[in-house]
Amino acid sequence: MDYKEIDGKWQKAWDDARLFEGEISDTKKPYMITVAFPYVNGPQHIGHLRTFGIADVLARYKRMRGYNVLFPMGFHATGTPILAFAKRIKNHDEDLIRDLKLFHIPDYDIEKMTDPLFIADYFVKEIENGMHKAGYSIDWRRKFVSIEPFFSKFVEWQFGLLNSKGYLVKGRHPVGWCPNENNAVGMHDTKRDVEPEIEKVVGVKFRVDGEDAYLMCTTYRPETISGVTNLFINKDLKHVSCKIDGKTYYMTKAASDILKYQMNVEQVADADGGALLAKTCINPMTGLQLPIFSAAFVEDSFGTGVVMSVPAHAPFDYAALEKLKEQGKALDIKPIKVIEIPDDSQSEFSKIRNMPGYLDIPSLVYIDMFKAKGGEDMLGQATKLQYKEESHHGRMTAKGYEGMSTAQARAKITADMVAAGNAMEMYVMANSPVYCRCGYAIVINVVDQWFLNYGDKGWKELAKKAYSEMTVLPEKSRKAFESAIDWIDLRAVARSQGLGTKFPLEPDKIIESLSDSTIYMSFYTVSAMLRAVPVDKLTAELFNYIFLGHGNMDDVSKSTGVDYAVLRRCKESFEYWYTNMSRHSGPDLIFNHLTMLIFNHATIFSHKYWPKQIVVNGSVLSEGEKMSKSLGNIVPLVDALDKYGADVMRTMVAAGAELFSDSEFSSDAAMGLDERFSYLYDIAQRTDDFEGGELRHIDYWLYSKLNRKIRDVTEQIEKLELRGVSTRVVYDSVLELKRYVNRSEPNGMVLKDYITSVVLMMAPTAPHIAEEIWHMLGNESFVSTEKWPTFDESMISDRIEAEEQLLDSIISDAKQLMAMMRKSGKDPKAITLIVAEEWKRQIGNALHKERNIKKVIDMVNGAKPEIDVPDREKAMKYIQQLAKKMNSISYSEPTQDEEFGLLTEAGQYLSESLGIDVTLEKESVSKSQRAQNSAPQRPAIDISM
RNA sequence: GCAGGGGUGGCAGAGCCUGGCCAAAUGCGACGGGCUUAGGACCCGCUUCCUUUAGUGGAUGCAAGAGUUCAAAUCUCUUCCCCUGCACCA
């Protein structure tokens, strides 16, 4: 098949007919589909086909269901990536240039890509071209780019609105920070692209006995505070005393240098580590006096450089104390156990705890466990396992928290301690040191920032309400959104660099590029009309009128100078289309864009304009691997479309996997699809070669399969379970047709009916081939706007399908038998099939129903027999045989005569398939010894030699 | 660590919600055979083990273990393992 020619032909025909241009209608219900617009910093590869392709399948399906469908598209260019792209070109970045060449981008264009606007413009065109070639049913009149001035006006309006609602707040937030360059660093700004992992920990204050000063220890395990027996410092490090919020603390100098980014730390004086060892502290939970020792494992710049020691629950602490004891120090320190692991838990701990020698010191158990195993970092591994098992199975024994789970106690103790002023929350970098590209180690800075306050309670409630009314596909991603809505809190909205809209409250900043695109979908409803309006006329008043219905047309027209007809059409367009919108994207956007979209819609638009559906889909693997530059398996979309055709690619990538999982591109699968499409195309061409005529068993079978298919596929496509749709429509249809054609001479009318419906069901995923076959079948209309087929429940017959299956099992049984005979040198001449008697069916059905042998025996052999049998002894034997496999007895619908009739009709098919004469007889008249082996839907087979 | 998703035959992947007709669809791959000058095309068979030289039988089996049930890939619990996300970044 010449896919390229077919694709081009129908794409042009659709364009000429302006088939996909959405206009509002009085009679048809709207259905608007929007996809997260593509970011224009690179060409499209086949991965893009997934989200956009699925959306297009839905658009095409809904169109066939009679909806007035609008599928618009725009382009995203705000933020820093395009600037970074231009910078890399300027620096002649070889990797990037090589990638671009892979996509056949000519040198003279690459040279111009030092200009960000050129880049954006270039890829807008590239992507639009690819989308056209993929056959998306997009209304292109509405496209816009997110850096166009008229869109910026819309974004400014939105932020003004959010500010007036009080959702823009100034706040403080921990970020990875380069002390050298003085700016925030994310993963992309670090050496080897390491994400700085910021963790919240608890800083516990231990008051120095007899002084108004404290030693503070950061800990992940506040539940063990009452088990603290002493503190550790490293006396060889440089220490200082410093003031934090009026209180004096001792810590290492390095720690205080780092901590000053996240709190008010003022260094007062140097402090001598050795002198600190002479002091003691008070445990804020138990009041115990704690000595201070020196230990080498204490790190200079992690936390405060002061560590609390819990020998019962921390292998490092236990080991350090043991070492001290060897030196004659810390002799009176005894581990204090505060967490107990029950004996019956499935922990490693409980397996060996009761061995002699463990004086109720959990950490010692873990240490010995790993000592026995040997290997590196014995204490580290012991710590890890103990932490894990105590977190999982542990129960508190500490005073005041007895019986609590470790997790509960951790939260409760933290809260109690903070409330009493004995602890504070602070941040540490879990994977420190992380280095900025400039070479400096990154610290944590708590910075002032403008935020969108998604933590606002009222707003959250509103978002939850909006979400609860939405359809989410696939259903199993629902929970992810629920936790995202709960979790999302302050979100920084301004950045110091990047393309985009200026932040109204701080005009030297740019609005962060996910924040500027939370409600842009609504802009599609008016973009084509507003493009003609001078930008300075796009005031807040105008947007308030169009999107919120504020004010009246005359006033707005007068004050903005915009023609009232334009205003009215914009308002009508928005109010029509935006009542029914489905939003599509990949799962990576759940925790940011999609959640923000829910929040912003909920607060900006009135209830009827909230999104009705969110669809999240997986991505695409290329030949079994994730697409990546290093593997070199990135396939440019346009190349693939040219090589395999749009429909093969659409079916494979968009419909090749379940919604949430990754689909896979492979040339094998492409060949497989090509074969099936070709088969459908060929057989459609031949429908007129066959006569009509009275319907036979096999015709009813095909109708049954077809109607079942329509029923199931309709149900699946509604849920966008496209893998099921494509296997049923493409793969299964070919299998069914092959069987139908093999079984006997096709009925031309039946064949055409079948193919017509299959083509209609193919239209959303494989629209070009569907159009081609549709017209080949003699239709003049576009299949793209035809009606989706309906099914007739009465044509779906389990029985007929089971009966056809019976033929298959007879054939395979007989083949097996003949093979066996030939193996032993015998030569089969003819086959007799012996159909089981009626009483066997009755017994089988009774057993199936009653599941009770005695009852059935009674029915045959009792005082008042309900089942009439010719020979009671035989019948008893038969019951016993069946009883053994009670669970697998199925109900037999066909009577002996019906089964006989079916086999008679299929006689020729059986003979041909087996290559041997097949005759039939009933059990009662058969003289064969094998006749008694016959069972309902399992005729006995007698082979004569 | 927290949150979400998952673990099915050589591979991919259905089935699980609504337990029984499930040794488990379908596709790919491997193997054997046919067709053919040839074949990456097409057709047939086979792809857990045992049994049977006239069949429909049996065992084991859907990460591991336990439970519920007449009956478990499917329901419940526990454990192990894998993937994704954890923010100012599109």
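Our subject is the structure listed above.
Report on the accompanying structure. (Residues numbered from 1 in each chain as written. Chains lettered and ligands numbered in written order. Predicted model: local features only at pLDDT ≥ 70, side-chain atom pairs only at ≥ 80, totals over all residues. Heavy atoms only, no water.)

A few points about the protein's contact with RNA strand B
1) Next: Around RNA strand B sit 47 residues, and of these Y39, H173, R491, R495 and N592 come closest.
2) Next: Each atom of RNA strand B within 4 Å of the protein belongs either to a base or to sugar and phosphate, the latter forming 48%.
3) Next: Note that a phosphate oxygen of RNA strand B is positioned 3.1 Å from one of the side-chain N or O atoms of E675.
4) Next: Interatomic distance of 2.9 Å between a side-chain N/O atom of K738 and a phosphate oxygen of RNA strand B.
5) Next: Elements supplying a minimum of two residues to the surface near RNA strand B: α16 (478–487), β19 (490–492), α24 (667–685), α26 (722–743), α29 (798–823) and β29 (940–944).
6) Next: Split into classes, the residues belonging to the surface near RNA strand B amount to 13 nonpolar, 13 polar and 21 charged. (Near = heavy atom within 4 Å. Polar contact = N/O pair within 3.5 Å; in protein donor to acceptor, adjacent residues only side chain to side chain. Helix = DSSP H or I, 4+ residues; strand = E, 2+ residues; numbered from the N terminus. Nonpolar A, V, L, I, M, F, W, Y, C, P; charged D, E, K, R; others polar.)

Looking at the packing of aromatic side chains
1) Next: Tallying each qualifying case throughout the model produces 44 aromatic pairs.
2) Next: Its guanidinium or amino end placed over the ring of W701, R739 lies 5.4 Å from that ring's centre, counting from NZ or CZ.
3) Next: Positioned above the aromatic ring of F900 is the side chain of K922, whose terminal nitrogen or guanidinium carbon lies 5.4 Å from the ring centre. (Phe/Tyr/Trp six-rings, centres within 6.5 Å; stacked < 30°, edge-to-face > 60°. Lys NZ or Arg CZ within 6 Å of the ring centre and 35° of its normal.)

Focus on the packing of helix α7 (residues 149–164) against helix α21 (residues 590–604)
Axes are the key here: two packed helices are described by the angle between their axes and the distance separating the axes.
1) Next: Relative to each other, α7 and α21 sit at 75 degrees, their axes nearing to 11 Å. One way to sum up the angle between α7 and α21 is to call them roughly perpendicular. Of α21, the residues touching α7 (which contributes W157, Q158, L161 and L162) are N600, T603 and I604.
2) Next: Per-class residue counts for the contact of α7 with α21 are four nonpolar, three polar and no charged. (Axes fitted to C-alpha atoms, helices over the stretch in contact; angles between N-to-C directions. Parallel < 35°, antiparallel > 145°, perpendicular 65-115°, else oblique. Contact = heavy atoms within 4.5 Å.)

Some words on the pattern of salt bridges
Pairing is possible between side chains that carry opposite charge, provided their charged atoms lie close to one another.
1) Next: The full count for this structure, using the stated rule, is 51 salt bridges.
2) Next: Here K125 makes a salt bridge to D121, at a shortest N to O gap of 3.1 Å. Of this pair, K125 and D121 both sit in helix α6 (residues 116–133), four residues apart, which is roughly one turn of that helix.
3) Next: Close ionic contact of D139 with R141 constitutes a salt bridge, the shortest N to O distance being 2.8 Å.
4) Next: Classification of D139 by relative accessible area gives buried; the value is 0%.
5) Next: With relative accessibility at 33%, the residue R141 sits in the partly exposed group.
6) Next: Here the salt bridges do not stand alone but share partners, grouping R18, E21, E23, D139, R141 and R142 into one network. (Salt bridge = Lys/Arg side-chain N within 4 Å of Asp/Glu carboxyl O. Buried < 20%, exposed > 50% of the residue type's maximum accessible area, 1.4 Å probe, protein only.)

Quick look at α21
1) Next: Given a rise of 1.5 Å per residue, 15 residues ought to cover 21 Å, and the 20 Å separating the end C-alpha atoms of α21 matches this to within 8%.
2) Next: α21 sits mainly inside the fold: 14 of its 15 residues count as buried. (Expected span 1.5 Å × (residues − 1).)

Here's the deal with the layout of surface pockets
1) Next: For the second largest pocket, the calculated volume is near 1100 Å³.
2) Next: Of all elements in the fold, only β5 (198–208), β6 (213–219), β13 (307–309), α10 (315–326) and α13 (378–393) reach the threshold of two or more residues within the lining of the second largest pocket.
3) Next: Looking at the lining of the second largest pocket element by element, the count peaks at four residues for α13.
4) Next: When the residues that make up the lining of the second largest pocket are grouped by side-chain class, the tally is 14 nonpolar, nine polar and six charged. (1 Å grid on protein atoms, 1.4 Å probe; cavity = no way out; pocket = protein on both sides within 12 Å on 5 of 7 lines; lining within 4 Å. Points joined across faces, edges and corners; volume = space filled by probe spheres on them.)

Looking at empty space enclosed by the protein
1) Next: Considering all chains together, one arrives at one cavity of 30 Å³ or more under this definition.
2) Next: Put simply, the largest cavity is a space of about 40 Å³.
3) Next: Lining of the largest cavity is provided by L806, S809, I810, D813, Q937, R938, P939 and I941.
4) Next: Sorting elements by how many residues they give to the lining of the largest cavity places α29 first, with four residues.

Quick look at the environment of I339
1) Next: With respect to the helices and strands, the residue I339 is situated in strand β14 (residues 339–340).
2) Next: A residue is classified by how much of its surface remains accessible, and I339, at 1% relative accessible area, is buried.
3) Next: Taking the C-alpha atoms as reference points, I339 and G394, 55 residues apart in sequence, are found 5.9 Å from one another.
4) Next: Among residues more than four places away in sequence, those in contact with I339 are R221, E223, T224, H313, E390, G394, R395, M396, T397 and T406.

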